[in-house]
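Residue-level structure breakdown
Below, each chain spelled out in residue letters.
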Amino acid sequence: ATTEIYTLSLHDALPICAHRFYMGAWGWGLVQLLGVPIVVGILFALVPPLGGLLYVAAFAFILAESIRYIWMSDAEFDAKVQHYQAARPGPFAFFW
């Protein structure tokens, strides 16, 4: 069961964290790609309610971030990207 949860989590995280690498925040991309599924998988194996709660919280954050990007106008998004890239973000910069 733990392997199935881990596989599901990694499969779900892969397409969602791709924008982190695209925006240059490869550090957060690795955390989201590897860290979240591993931590959720371990917690789910040790303490199922806590692992499930963390999985729901991570999913809610990803959903909120996705909705924000979807509803942002192209002009607003382009302005944010230009400002973000002008600041020369590091691997753990956060684009919001």
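Computed from a predicted structure; not experimentally measured.

Scanning the protein chain for helices and strands turns up five helices and zero strands. Secondary structure elements of the protein chain occur, N-terminal to C-terminal, as α-α-α-α-α. Out of the 96 residues in the protein chain, the part that is buried amounts to 24%. Pairs at least 24 apart in sequence give 55% of the contacts found in the protein chain among residues at least 6 apart. On the protein chain, roughly 6,400 Å² of surface is accessible, and the fraction owed to carbon and sulfur atoms is 75%.

A few words now on the packing of aromatic side chains. Under the criterion given, the structure shown has one aromatic pair. For the ring pair tryptophan 28 and phenylalanine 92, a centre distance of 5.4 Å and an interplane angle of 85 degrees mean the geometry is edge-to-face. One end of the pair, tryptophan 28, is in helix 3 (residues 26-46); the other, phenylalanine 92, is in the segment after helix 5 (74-86), with 64 residues separating them in the sequence.

An ideal rise of 1.5 Å per residue puts 30 Å on 21 residues; helix 3 measures up with 29 Å between its terminal C-alpha atoms. Along its length, helix 3 shows its largest kink, about 35 degrees, at glycine 35, and proline proline 37 lies within four residues downstream of that point. Looking at helix 3, one finds that the buried residues are Gly27, Gly29, Gln32, Leu33, Pro37, Val40 and Gly41.

Helix length check: helix 4 (residues 48-71), at 24 residues, gives a terminal C-alpha distance of 34 Å against a target of 34 Å (1.5 Å per residue), a fit within 8%. When helix 4 is considered as a whole, its buried residues turn out to be Gly51, Ala58, Ile62, Glu65 and Tyr69.

Before going further, it helps to examine the environment of phenylalanine 61. Along the chain, phenylalanine 61 turns up in helix 4. The residues touching phenylalanine 61, leaving out its near neighbours within four places in the chain, are Arg20 and Phe94.

Turning our attention to a nonpolar patch on the surface. Together, Phe21, Trp26, Leu30, Leu34, Ile38, Ile42, Leu46, Val47, Leu50 and Leu53 give the surface a local cluster of nonpolar side chains, amounting to about 950 Å² of exposed area. Put simply, the parts of the chain that give the nonpolar patch at least two residues each are helix 3 and helix 4. In terms of residue count, the dominant contributor to the nonpolar patch is helix 3 (six residues). Take isoleucine 42: it is sitting in helix 3.

Attention shifts here to the packing of helix 3 against helix 4. Interaxial distance between helix 3 and helix 4 falls to 5 Å at its minimum, and their mutual angle equals 150 degrees. Classified by the interaxial angle, the pair formed by helix 3 and helix 4 is roughly antiparallel. On the side of helix 3, the interface is formed by Gln32, Val36, Val39, Val40, Leu43, Phe44 and Leu46, while helix 4 contributes Pro48, Leu50, Gly51, Gly52, Leu54, Tyr55, Ala58 and Ile62. The residue inventory of the contact of helix 3 with helix 4, partitioned by class, reads twelve nonpolar, three polar and no charged.

Criteria and thresholds
- Residues numbered from 1 in each chain as written.
- Predicted model: local features only at pLDDT ≥ 70, side-chain atom pairs only at ≥ 80, totals over all residues.
- Heavy atoms only, no water.
- Helix = DSSP H or I, 4+ residues; strand = E, 2+ residues; numbered from the N terminus.
- Buried < 20%, exposed > 50% of the residue type's maximum accessible area, 1.4 Å probe, protein only.
- Contact = heavy atoms within 4.5 Å.
- Areas by Shrake-Rupley, 256 points an atom, 1.4 Å probe, with all protein chains shown as cover.
- Phe/Tyr/Trp six-rings, centres within 6.5 Å; stacked < 30°, edge-to-face > 60°.
- Expected span 1.5 Å × (residues − 1).
- Bend = angle between axes of the 7 residues up to and from the residue.
- Patch = residues over 30% accessible without salt bridge, like charges linked within 9 Å, V, L, I, M, F, W, Y side chains within 5 Å.
- Salt bridge = Lys/Arg side-chain N within 4 Å of Asp/Glu carboxyl O.
- Axes fitted to C-alpha atoms, helices over the stretch in contact; angles between N-to-C directions.
- Parallel < 35°, antiparallel > 145°, perpendicular 65-115°, else oblique.
- Nonpolar A, V, L, I, M, F, W, Y, C, P; charged D, E, K, R; others polar.

No statement about biological role is implied by the geometric values presented.
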